[in-house]
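# Analysis of the macromolecular model
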Amino acid sequence: MQRTDIGRPDYFHKVVDCQWACPAHTPVPEYIRLIAEGRYSDAYMINWKSNVFPGILGRTCDRPCEPACRRGRVEEEPVAICRLKRVAADNKDDITDRLPPLAATKNGKRIALIGAGPASLTVARDLAPLGYDIHLYDGDAKGGGMIRSQIPRFRLPESVIDEEVGYITGLGVTERYGERIDSLKSLLNQGYDAVFVGSGAPRGRELDLPGREEAKANIHIGIDWLSSVSFGHIEKIGRRVIVLGGGNTAMDCCRTSRRLGGEDVKVIVRSGFEEMKASPWEKEDAIHEDIPILNFLVPVSFSHQDGKLTGVVFEKVVAQYDDKGRRKLVPSGEPHQHFECDDVLVAVGQENSFPWIERDIGLEFDEWDMPKVNETTFQSTRDGVFFGGDAAFGPKNIIWAVAHGHEAAVSIHLHCQGLNIADRPPPGVTLTSQKMGIHEWSYDNDISNDLRNRVPQRDKAVALSNVKLEVELGFDRLLGYKEAERCLNCDIETVFAEPLCIECDACVDICPTDCISFTENGDEADLRTRLKAPALDLTQDLYVSGDLKTGRVMVKDEDVCLHCGLCAERCPTGAWDMQKFLLDITQAGGCSKISDGFKTAAE
């Protein structure tokens, strides 16, 4: 194998598993260390730069970082990365003086953002400080999009939404709330230099079954119903409620129903429990609130009498697998089951809806009636029109919408500068030695067995009494510190200098996970079989040195390294060093006016 190029931005980025898994590439270990030091405002601002909504995401994120967390390889559960964001948000000082200043002058470019959800707000956050005249359109009276309309208040208080949306609109954004865009062609005729569509996936999927029309008064589309609850238009529901669907929206619907008078609330899903799309913790919270989840039941019809819903009829199915392991659901042959209810909430998915985009403006749609969008630049087939969030590639989650917004803002900035939007600015990378002495480091490298701390919750009876009462109380400072200490500092990298190595194998002897080997070189498949502890994760790169004096090479399995620094402490020659890796993903401000240095790097 060739010597590993650790100067490549993605090499150590991939080793920081949590940051690699985060769509917005938040430098997770960096802000967690700051929390452990009690520097909450600093931790908040690191989050704010990357994921824009620390307080919101600290309560609602889908947590793609946590399954990737290296702590999960030492113990059963990962670091509570998501809830530590909330620790920073809850304990920060007033950070308004840390926000970007209002642009002293406008740059003459006008940008229209359609929909005031997380994708559009991220674009506004990145572009407003650069002098762009940002017009933020939304049919609702306040910004936030699905954050405000679809996430229940018992999970996300409105005060948190107001605060973090306000940080963005306070950067000089023109808020055009209550103005619903009914024609993209008409908006384009207003002379905007670029348009960003962040309108989300606003339509819940219908369930067209016998009895749907007759019983329609008590059959509700989940996301519309949640919006009506959020805006105070609905304050009660029937005593017996059935929620159809297995995603996070279904979990929000059933838990909201419990707070609005639903005493007998059931979630009924066509798939198995493990296959449900809802996050594991969302299912756990629903079950904790006495909501049963019934699986492998497919709705067949709605029963009704005298124009009133009486229940739902289901067919029992079983999972059947073919010889390639593909699953399909087939009828079990059992009699249909009838569940009585007063109301049904349909939460079987969401769809995009673009009746307001004319088909004669040079914007192409695919066979699913979705706009054709470049996955790197987020530009549509019409020059200057960009998409992001759920509007671009279908329903995902807030952190993906934020990531789309950052990338789209870079494209819009390049577009308005008259430059090629495909020439993406490279990220910034720094490696800094953590050495404070011969065997001392500037970070806590003690590896201890510490079980994950549980987030305190409000008493169930009290929580169920009020739809606006937040259930999770968050970590206090002490619990936040304890949880932050579980982080293994995966961004502190082991860096190897071949000229200093005397091949004494001291690092091999002291390594607690046997991740270091000195061996003859070879191709990757062969080399992996000759490691002291053969690497099981083939997606994680090996760290391979150049040739040493004996002709051998050092090979380290990055996948199981704990970043404990014992190799560097034991090395008698200093061939190993612990260096902090910091990846600074380029945002629109990082390519402002496109310096000559950037042009060289892009080439």
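Values in this document were obtained by computation on a predicted structure and should not be read as measured data.

Thresholds, definitions, all that
Residues numbered from 1 in each chain as written. Predicted model: local features only at pLDDT ≥ 70, side-chain atom pairs only at ≥ 80, totals over all residues. Heavy atoms only, no water. Helix = DSSP H or I, 4+ residues; strand = E, 2+ residues; numbered from the N terminus. Rg over C-alpha atoms; globule rule 2.2 N^0.38 Å. Buried < 20%, exposed > 50% of the residue type's maximum accessible area, 1.4 Å probe, protein only. Contact = heavy atoms within 4.5 Å. Areas by Shrake-Rupley, 256 points an atom, 1.4 Å probe, with all protein chains shown as cover. Lys, Arg positive; Asp, Glu negative; His and termini not counted. Charge placed at Lys NZ, Arg CZ, Asp CG, Glu CD. Pairing = 2+ DSSP bridges. Axes fitted to C-alpha atoms, helices over the stretch in contact; angles between N-to-C directions. pLDDT = per-residue confidence, 0-100. Disulfide = S-S within 2.5 Å. Phe/Tyr/Trp six-rings, centres within 6.5 Å; stacked < 30°, edge-to-face > 60°. Lys NZ or Arg CZ within 6 Å of the ring centre and 35° of its normal. Core = buried A, V, L, I, M, F, W, Y, C linked by side-chain atoms within 4.5 Å. Parallel < 35°, antiparallel > 145°, perpendicular 65-115°, else oblique. Salt bridge = Lys/Arg side-chain N within 4 Å of Asp/Glu carboxyl O. Right-handed = clockwise from strand over helix to strand, strands pointing away.

## Quick word on the overall build of the protein
Within the protein one finds 22 helices and 22 strands. Over its C-alpha trace the protein gives a radius of gyration of 27 Å, about what one expects of a compact globule, namely 25 Å for 603 residues. Seen along its three principal axes, the alpha-carbon backbone of the protein occupies a region of about 90 × 60 × 50 Å. Looking at the protein as a whole, 55% of its 603 residues are labelled buried. Sequence-distant contacts in the protein: of pairs separated by 6 or more residues, those separated by 24 or more amount to 71%. Split by element, the accessible area of the protein, about 26000 Å² in all, is 49% carbon and sulfur. The centroid of the 71 positive side-chain charges in the protein is displaced by 2 Å from the centroid of its 95 negative side-chain charges.

## Observations regarding the sheet that holds strand 21 (residues 553–557)
Picture the strands of a sheet paired through backbone hydrogen bonds; they go either parallel or antiparallel. With antiparallel pairing, three strands are arranged side by side in an open sheet as 19-21-20. Either end of the sheet is taken by a strand with one partner, and the two such strands are strand 19 (516–519) and strand 20 (542–544). If you compare each strand with its neighbour and ignore which way they point, the axes differ by 25° on average. Here four bridges tie strand 19 to strand 21, and the two strands are oriented antiparallel to one another. Within the sheet, the bridge partner assigned to serine 517 lies in strand 21 and is valine 555.

## So, the confidence of the model for the protein
For the protein, mean pLDDT is 93; residues scoring 70 or higher make up 98% of the total. Every residue in residues 592–603 scores below 50 in pLDDT, and together they form 13 contacts with partners more than four places removed in sequence or on other chains.

## Some details on the state of the cysteines
Tallied over the entire structure, the rule returns zero disulfides. With no disulfide partner, cysteine 22 has as its closest neighbouring cysteine sulfur the one in cysteine 65, 6.4 Å distant.

## Considering the packing of aromatic side chains
One pass over the structure, following the stated rule, counts 13 aromatic pairs. Look at tyrosine 44 and tyrosine 167: their rings are 6.5 Å apart centre to centre, the planes differ by 80°, and that puts the pair in the edge-to-face class. Residue tyrosine 44 is located in helix 4 (residues 40–51), and its partner tyrosine 167 is located in helix 10 (residues 158–169); the two are separated by 123 residues in the primary sequence. Each member of the pair, tyrosine 44 together with tyrosine 167, is buried. Aromatic rings pair up to connect Tyr11, Phe12, Tyr543 and Phe581 into one cluster. The ring of tryptophan 281 has arginine 63 lying over it, and the distance from NZ or CZ to the ring centre is 3.8 Å. Of note, arginine 359 hangs over the ring of phenylalanine 365, and the distance from its end group to the ring centre comes to 3.8 Å.

## Examining the nonpolar core
Inside soluble globular proteins, nonpolar side chains tend to come together where they are buried. Counting 67 residues, the largest nonpolar core has Ile134, Leu184, Leu187, Val195, Ile357, Phe387 and Ile412 as the members making the most contacts within it. Here this core takes ten residues from helix 16 (residues 398–416), the largest share from any one element. One finds Val16, Cys507, Cys515 and Phe518 within the second-largest nonpolar core, a separate group that totals 56 residues.

## Some remarks on the side chain of histidine 13
Note that histidine 13 resides in helix 1 (residues 9–15). Setting aside residues no more than four positions away along its own chain, histidine 13 makes contact with Gln19, Trp20, His25, Phe581 and Leu583.

## Examining the pairing of strand 22 (residues 576–584)
Where strand 17 (residues 428–433) meets strand 22, six bridges bridge the pair, whose relative direction is antiparallel. Residue serine 433 lies in a different strand from strand 22, and its bridge partner there is glutamine 579. Bridge count for strand 18 (residues 492–496) against strand 22 is five bridges, and the pairing is antiparallel. For isoleucine 492, the partnering residue across the bridge sits in strand 22 and is lysine 580.

## What about helix 3 (residues 28–36)?
Taken across its nine residues, helix 3 has eight buried, putting it largely inside the fold. Along helix 3, the residues that are buried comprise Val28, Pro29, Glu30, Tyr31, Ile32, Arg33, Leu34 and Ile35. Just past helix 3, the residue glycine 38 takes up positive phi, approximately 80°.

## Points about the packing of helix 4 against helix 16
Helix 16 packs onto helix 4 with a crossing angle of 70° between their chain directions and a minimal axis gap of 9 Å. Here helix 4 lies roughly perpendicular to helix 16, going by the angle between them. Where helix 4 abuts helix 16, its residues Lys49, Ser50 and Asn51 lie against Ile399, Val402 and His406.

## Remarks on the pattern of salt bridges
Enumeration over the complete set of coordinates arrives at 57 salt bridges. Linking arginine 153 and glutamate 158 is a salt bridge whose minimum nitrogen-to-oxygen distance equals 4.0 Å. A relative accessible area of 29% means that glutamate 158 is categorised as partly exposed. One salt bridge connects arginine 327 with glutamate 275, and the closest N-O pair in it is separated by 3.6 Å. Of this pair, arginine 327 sits in strand 12 (residues 327–331) while glutamate 275 is found in the loop between strand 8 (264–268) and helix 14 (280–288), placing the two residues 52 residues apart along the sequence. Given the relative accessible area of 39%, glutamate 275 is considered partly exposed. Salt bridges linked by common partners bring Lys142, Arg148, Arg153, Glu158 and Asp162 together as one network.

## Focus on the sheet that holds strand 17
Pairing is antiparallel across the open sheet formed by three strands, whose spatial order is 17-22-18. In this open sheet, the two strands that pair with only one neighbour each are strand 17 and strand 18. Here the average twist between neighbouring strands, direction ignored, is 40°.

## A few points about the pairing of strand 1 (residues 110–114)
Of all five residues in strand 1, four are buried; the element is thus mostly enclosed. The sheet contact formed by strand 1 and strand 2 (residues 133–138) spans five bridges and is parallel. Pairing of isoleucine 111 across the sheet is with isoleucine 134, part of strand 2. Since strand 1 and strand 2 lie parallel, the crossover through helix 8 (residues 118–127) that links them has a hand, and here it is right-handed.

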